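What follows is each chain in one-letter form.
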Amino acid sequence: MKNRTKTLPLVLAFLTSLPAYAQFGGPPGGGMGGAPGPHIGGAMAKLFGDNTAFSATLDMEVKGPSAEQSVNMPGKMAFEDGKFRFEMNLGDMKGGQMRPQDAAHMKAMGMGTIVNITLPAEKISYKIFPDMQAYVESPIRNPEAAKPESDFKIETTEVGKETIDGHPCVKNKAVVTDADGQKHESIVWNATDLNKFPVKIESSEEGHTVTMLFKNVKLSKPAASQFAPPSDFKKYDSDMALMQQEMMKRMGGMGAGMPPEHP
């Protein structure tokens, strides 16, 4: 019971720290409603050109100023006209402050798999825990996510040609500029056999270098069910509320000593 109680602050710290690693063009720690993982929206969505609906496996590597701020985060993703889904298994994540025993604790609590869904048009994000049959609904706090595509302009300059994961690519320097004149620079490998899909993207912002490698790309529309939590899953309004309920359940309903939920 002692170890399980100690796991609560670990889980909450993990859930709130990952967005700082995974953003593109957003304020540090601002996230897309507090959900972990990468987010394709705003300036980054412009890098995908005409590819407005697709699914793929994604290997994302983030290198920070220190080893504790560097992490490798593989997962599965789906995208359609701004809607975004990313599914990750904590056991596959490497680096950062997450130790193997921490991932094991979270898996034992039913948090080994996390699904993040963002719906910019609705200004809502979902953080889903399939093994717990539960999810957290949060407002999207990053104002850039809801900006229309017309707010961004992209300029590309070819810098070479390379083959990435078997795909012949044109390597481009891409600069995306928003309506306020803020620029986001990336190196993008556009696959000539995949409608110029950016199979690899490298970006550096806020002291972090993010490399995103897309594999098994399918340029077809994902199922609508990919962008909504299952109807029979229990909804929570905060990470704290979900964790309190889960800890009380696993401790036989004994909630003594649990921190109060903050509004």
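Note that the structure is a prediction, hence the values are computed from the model and not measured. (Residues numbered from 1 in each chain as written. Predicted model: local features only at pLDDT ≥ 70, side-chain atom pairs only at ≥ 80, totals over all residues. Heavy atoms only, no water.)

Student: Account for the overall build of the chain, with residues named and values stated.
Tutor: If you tally the helices and strands in the chain, you get three helices and 13 strands. Of all 263 residues assigned to the chain, the portion counted as buried reaches 49%. A fraction of 53% describes how many contacts in the chain between residues 6 or more apart in sequence connect residues 24 or more apart. Carbon and sulfur atoms make up 50% of the accessible area of the chain, which totals about 12800 Å². (Helix = DSSP H or I, 4+ residues; strand = E, 2+ residues; numbered from the N terminus. Buried < 20%, exposed > 50% of the residue type's maximum accessible area, 1.4 Å probe, protein only. Contact = heavy atoms within 4.5 Å. Areas by Shrake-Rupley, 256 points an atom, 1.4 Å probe, with all protein chains shown as cover.)

Student: So what's going on with the side chain of serine 186? Residues and values would help.
Tutor: Among the secondary structure elements, serine 186 is positioned in strand 10 (residues 183-191). On the basis of relative accessibility, which here comes to 1%, the residue serine 186 falls in the buried class. Within polar-contact distance, the side chain of serine 186 engages the side chain of serine 203 at 2.7 Å. (Polar contact = N/O pair within 3.5 Å; in protein donor to acceptor, adjacent residues only side chain to side chain.)

Student: Before we move on, can you summarise the pattern of salt bridges with the specific residues and values?
Tutor: Per the counting criterion, the structure on display carries nine salt bridges. With its nearest N and O atoms 3.5 Å apart, the salt bridge here joins glutamate 80 to lysine 221. Of this pair, glutamate 80 sits in strand 2 (residues 71-80) while lysine 221 sits in the loop between strand 12 (208-218) and strand 13 (234-236), and the two are 141 residues apart along the sequence. Among the residues examined, glutamate 80 registers a relative accessible area of 8% and is labelled buried. Taken together, the shared-partner salt bridges connect Glu80, Lys83 and Lys221 into one network. (Salt bridge = Lys/Arg side-chain N within 4 Å of Asp/Glu carboxyl O.)

Student: Tell me about the environment of aspartate 232, residues and numbers included.
Tutor: Here aspartate 232 is to be found in the loop between strand 12 and strand 13. For the pair formed by aspartate 232 and alanine 134, sequence separation is 98 residues and the distance between their alpha carbons is 8.6 Å.

Student: Can you lay out unusual backbone geometry for me, pointing to particular residues and giving the numbers?
Tutor: Phi angles above zero are rare outside glycine, and lysine 123 is one such case at about 60°. With respect to the secondary-structure elements, lysine 123 resides in the loop between strand 5 (113-119) and strand 6 (124-129). Its relative accessible area of 53% is what places lysine 123 among the exposed residues. Even without glycine at this site, lysine 196 takes up a positive phi of about 65°. Here lysine 196 is to be found in the loop between strand 10 and strand 11 (197-205).

Student: So, the nonpolar core: which residues are in play, and what are the values?
Tutor: Counting residues in each nonpolar core, the largest one holds 48 residues, and the members touching the most others are Ile40, Phe48, Met77, Phe197, Val199, Phe214 and Leu242. The dominant element in this core, judged by the number of residues it contributes, is strand 1 (residues 53-63), at five residues. If we skip the residues at most four places from it in the chain, phenylalanine 197 touches Phe48, Asn51, Phe54, Trp189, Asn190, Ala191, Phe214, Val217 and Leu219. The next biggest cluster of nonpolar side chains, apart from the first, holds nine residues, and it includes Ile117, Leu119, Tyr126 and Phe233. (Core = buried A, V, L, I, M, F, W, Y, C linked by side-chain atoms within 4.5 Å.)

By themselves, these observations are geometric and do not establish any function.
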